[in-house]
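Listed below, chain by chain, are the residues.
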Amino acid sequence: MQTVPRLIKQFVPEHYQLSLTLNRTERQFAGIVTLSGALLPDAEHIVLHAKDLVIESVTLDGKMADFATSDNDELHITHPDLSSGKHSIVISFSGSITDAMHGLYPCYFEHEGVKKELLATQFESHHAREVFPCIDEPEAKAIFDVTLSTEQDITVLGNMPVKTQVVENKLLVTAFETTPRMSTYLLAWVTGDLHRKTAVTNKGVEVNVWATPAQAPTTLDFALDIAVRSIEFYEEYFDTPYPLPKSDHVALPDFSSGAMENWGLITYREIALLADPHTTSISSRQYIATVIAHELAHQWFGNLVTMKWWNNLWLNESFATLMEYVAVDALHPEWNIWLDFATNESIMALRRDSIDGVQSVQIEVNHPDEINSLFDGAIVYAKGARLLRMLQHYVGDQSFQAGLKQYFRTHAYSNTEGDDLWKAISEASGKNVATLMNSWISQPGFPVVHVTQEEGTVILTQEQFFVGPHEPSSTLWPIPLNSIGSEIPELLTTKTVTVLQKQSSSLRFNEGDTAHFITHYDTDLLRQLVNDISAGTMSPVDRVQLLDESTLLARAGILQSVQLIELIRAYRDETSEQVWTIVAMALAELRKFVENDKKAEKKLRAFSADIARTQYLRLGWTARPNESEDDTKLRATILSMVLYGENQDAINSAKAIYAESNLEDIDSELRPLIISAVVRYGDETIVDNLLARYKASQSGELRQDISVGITSTRVSHKVTELLEAIKDSTVVRPQDAARWFVYLIRGRESRDQSWQWIRHNWQWVIDTFAGDKSYDDYPLYSAGALTTRAQLQEYIDFFEPMKDIPALTRVITMGVSEIEGRVELIERDGPAVCAKLLDL
């Protein structure tokens, strides 16, 4: 891959005066940008980024200048009088508004039968260059004065408050206050028909939540409350004021990512911001709270202090992921959100990070086309957050917090690298943080610690953990062991260590799941831990950890998958909702072994229903007065296990609820489950009715629930219809296409058709998503679903020729390893699992 030059090394921007006229109906925009900055010594000319723009004229210090475009989105500006020092460049340009969901694009919605549009921007990671010439690199911070000319009678939002707004030549001309020093990827605006709810923080920051008129005003209230309290929490936690006078949160009908942290103008998918007070599930409210807290954490981590280059993206995303849990735990301690961290971030990180070829948290980036491949939610977000959680535990929260305060004081409005953060936390804690953290940040993968007892001693051995084929590895990590044993060292830094065992109680490592490794206990130690579960002496997070790590060890062949059956039995009397989530996940691990053995599959289904029976009888289908939120959420998990068990009473209850209720009135925690049941066990016309409801609904949550349920169909020609609907943007919005595809390819009855469909329709994927972060979702999700040697070879034959595409290189390489590991696992452990199930 060619290394693209960093333009900040030849010209340093200081100020942009940007004026744009947006012609929504003609899908065009035109503008003038005045850029002031300094040409560095030895630079022969000025080079800016500009992509898909028509450059009409360029003046340099008031004189007409020559210009030319070249590869790598570069605009070269030359003049005979050009020399190092301060310069002012004025560029006239124009461009197109496209549906690509990056750059400047339209969002579509319908209100009272009238089709309408917003215009919105998405500039991360390197899409500002598609809207105006600039140096589109995070280190190239500058201040911005933005003026937008738009159609009249609409709302116009930008990063800063409106300074002036007048009508000129039948256009609404909106000028915004000057921004602080910021990176181009954080610039943003939204225009169109919007309404809002407003509040003010205790320090006077105006907070607004915006949505289209298709969304009821009451759906904005929950987000407004979370946003206000999150800002107040962060100001206190960081001891650093929120940097801007206002904080806008906008729900967009079309949005590729979950949300985007544009400074002062955060944009979201509707489902990630809006909550109906009567119908939104507890799970969805918790999700919305974490998304808002994540994006607001970025207003400090990423916006106030920004990484110098994309190789340090984790400084933004890992920290925001950690802080979303810190903040939500403070705002809603009754949610036990750290258990969700263990069942979401930890599991996602460990499963992805165990495949050979995975990226490290910090990784070199040489070309813009590589940047989108960095946004791996399992690594830069989840693993990075686990590592920072590990650091927080290692130095203590007080030192961690003090280090962050110093970090913001030192680096506000500037750019940093990882060592700048380590320095601040080291000074606050008195510990050598860089020595601990750099190996974790820079090395892919994670260790397994093997623990064995021998004649009064405990032997600890670390090695890199892999699932599937891999190259030999001698990598070592400094591992915070976090053990309850007083004789166990704080860190394991060598391959092996032997310690005397002084205690008689169970020996546990990584208590609280606060470090990024897994533990393989010998048979006797594992038996003691299982006894602790039965005795009720193990915490919920440690119960989650033990079962999840056992599934990973089985995937790797260190344990046998058949051992999971007895381990699952130990959780029969479990009461924690989050722990039951892992029980259901562990049972799902066994399904791939029985796909070709109907008798064993029938036994597995019965086992699933039997394990859940006690909770099913306790919870039933209807919420009890004043029941806990945990029970409300748990009901869905238990019912899913019972329905998988083909319990006829449960199936009949699901059908009855569906037949007797409006979709909107069905318990929102159970709605996707009920829809799935009636689609799977009911008449095929249900699919047609649900698809019509999906197209007509303006509710993001209802549409998502329908998509979960409708894709459960077992009817082949309905699967074909749903796959074709993915390409029809009037049915499935492009932002939702990957979700529909993953639901279908993960379905046993729809997997083969979905796998064939994606290969036959790959040109559509290229045309629709090639410039988007979601481009690599399709080889990623395909690899996560395929189970046979024939499918492995088909995956290789189809995707290997695309490995030279930077956005796909890593995901294809890992996909091959992932499928190969799964096929080997099924061949290795399948017979024993089926035999054990037949004996139940």
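Scope of this entry: the structure provided in the associated data block.

Cut-offs used in this document
Residues numbered from 1 in each chain as written. Predicted model: local features only at pLDDT ≥ 70, side-chain atom pairs only at ≥ 80, totals over all residues. Heavy atoms only, no water. Helix = DSSP H or I, 4+ residues; strand = E, 2+ residues; numbered from the N terminus. Rg over C-alpha atoms; globule rule 2.2 N^0.38 Å. Buried < 20%, exposed > 50% of the residue type's maximum accessible area, 1.4 Å probe, protein only. Contact = heavy atoms within 4.5 Å. Areas by Shrake-Rupley, 256 points an atom, 1.4 Å probe, with all protein chains shown as cover. Lys, Arg positive; Asp, Glu negative; His and termini not counted. Charge placed at Lys NZ, Arg CZ, Asp CG, Glu CD. Axes fitted to C-alpha atoms, helices over the stretch in contact; angles between N-to-C directions. Parallel < 35°, antiparallel > 145°, perpendicular 65-115°, else oblique. Left-handed = near helix turned anticlockwise from the far one by under 90°. Nonpolar A, V, L, I, M, F, W, Y, C, P; charged D, E, K, R; others polar. Salt bridge = Lys/Arg side-chain N within 4 Å of Asp/Glu carboxyl O. Pairing = 2+ DSSP bridges.

### Digging into the overall build of the chain
Here is step 1: Counting its secondary structure elements, the chain contains 26 helices and 28 strands.
Here is step 2: Relative to its length of 840 residues, the chain is compact, with a C-alpha radius of gyration of 27 Å against a globular reference of 28 Å.
Here is step 3: When its C-alpha atoms are laid out on the principal axes, the chain stretches across 85 × 65 × 55 Å.
Here is step 4: Looking at the chain as a whole, 61% of its 840 residues are labelled buried.
Here is step 5: Look at the contacts in the chain between residues 6 or more apart in sequence, and 70% of them connect residues 24 or more apart.
Here is step 6: With the model as given, the accessible surface of the chain reaches about 31200 Å², and the carbon-plus-sulfur share is 48%.
Here is step 7: Taking the 73 positively charged and 116 negatively charged side chains of the chain as two groups, their mean positions are separated by 4 Å.

### Brief notes about the packing of helix H18 (residues 685-696) against helix H19 (residues 700-710)
Packed helices, taken two at a time, are described by the angle between their axes plus the distance between the axes.
Here is step 1: One can describe the packing of H18 onto H19 by two numbers: an axis separation of 10 Å at closest approach and a directional angle of 155 degrees. Considering the angle they form, H18 stands roughly antiparallel to H19. Relative to H19, the crossing made by H18 is left-handed. Between H18 and H19, the contacting residues are Val687, Leu690, Leu691, Arg693 and Tyr694 on the first element and Leu702, Arg703, Ile706, Ser707 and Ile710 on the second.
Here is step 2: Of the residues assigned to the contact of H18 with H19, the class counts are seven nonpolar, one polar and two charged.

### Observations regarding the pattern of salt bridges
Here is step 1: Summed over the entire model, instances satisfying the criterion amount to 58 salt bridges.
Here is step 2: Salt-bridge contacts for Arg508 lead to Asp542; the nearest nitrogen and oxygen are separated by 3.9 Å. Placement of the pair is Arg508 in the loop between strand E27 (496-500) and strand E28 (518-521) and Asp542 in helix H11 (residues 540-555), with a sequence separation of 34 residues. The pair formed by Arg508 and Asp542 is uniform in burial state, with each residue classed as buried.
Here is step 3: Arg828 is paired through a salt bridge with Asp829; the nearest N and O atoms lie 3.4 Å apart.
Here is step 4: Since its relative accessible area comes to 41%, Arg828 is described here as partly exposed.

### Re the sheet that holds strand E9 (residues 103-111)
Here is step 1: Spatially, the four strands line up as an open sheet ordered E9-E10-E15-E12, and their pairing is antiparallel. Looking at which strands have only one partner, the edges of the open sheet turn out to be E9 and strand E12 (155-158). Within the sheet, the average angular offset between the axes of one strand and its neighbour, ignoring direction, is 15 degrees.
Here is step 2: In terms of strand pairing, E12 meets strand E15 (residues 189-192) through four bridges, oriented antiparallel. In the strand pairing of E15, Val156 is matched with Thr191.

### Re the environment of Thr69
Here is step 1: Note on placement: Thr69 falls in strand E6 (residues 66-70).
Here is step 2: Along the sequence, Thr69 and Lys51 sit 18 residues apart, while their C-alpha atoms lie 9.2 Å from each other.
Here is step 3: When near neighbours in sequence (up to four residues on either side) are disregarded, Thr69 contacts Glu74 and Leu75.

### Side note on the sheet that holds E27
Here is step 1: An order of E27-E24-E23-E28 is seen for the four strands of this open sheet, with the pairing classed as mixed. Two strands in the sheet have a free side with no partner beyond their single neighbour: E27 and E28. With direction set aside, neighbouring strand axes in the sheet form an average angle of 25 degrees.
Here is step 2: As paired elements, strand E24 (residues 457-464) and E27 share five bridges and run antiparallel to each other. Paired with Thr457 across the two strands is Leu500, which belongs to E27.
Here is step 3: Relative to E28, H11 is tilted by about 75 degrees, and along the sheet it contacts strand E23 (447-454) and E28.

### What about the environment of Thr201?
Here is step 1: In this structure, Thr201 sits in the loop between strand E16 (195-200) and strand E17 (206-211).
Here is step 2: Placed 388 residues apart in sequence, Thr201 and Glu589 show a C-alpha to C-alpha distance of 46 Å.
Here is step 3: Apart from residues no more than four positions distant in its own chain, Thr201 is found in contact with Val207, Val228, Ile231 and Glu232.

### A few points about the pairing of E23
Here is step 1: In the sheet, E23 pairs with E24 via eight bridges, with the strands oriented antiparallel. Bridge pairing links Pro447 to Gln464 in E24.
Here is step 2: Where E23 folds back on E24, the antiparallel hairpin that results is connected by two residues, among which Glu455 adopts a positive phi of roughly 50 degrees.
Here is step 3: Where E23 meets E28, four bridges bridge the pair, whose relative direction is parallel. Residue pairing for E28: Val451 is matched across the bridge by Tyr521.

### Examining unusual backbone geometry
A negative phi angle characterises most non-glycine residues, just as the trans form characterises most peptide bonds.
Here is step 1: The residue after Glu124, namely Ser125, is reached through a cis peptide bond having omega 10 degrees.
Here is step 2: Residue position: Ser125 is located in the loop between strand E10 (114-122) and strand E11 (143-150).
Here is step 3: The phi torsion at Asp239 lies on the positive side, around 55 degrees, for a residue other than glycine.
Here is step 4: Topologically, Asp239 is positioned in the loop between helix H1 (221-238) and strand E18 (246-252).

### Remarks on the packing of helix H6 (residues 377-395) against helix H9 (residues 433-442)
Here is step 1: For the pair H6 and H9, the least separation of the axes is 11 Å and the interaxial angle reads 160 degrees. With respect to H9, the axis of H6 lies roughly antiparallel. The crossing of H6 and H9 is right-handed. On H9, the residues touching Lys383, Leu387, Met390, Leu391, Tyr394 and Val395 of H6 are Val433, Leu436, Met437, Trp440 and Ile441.

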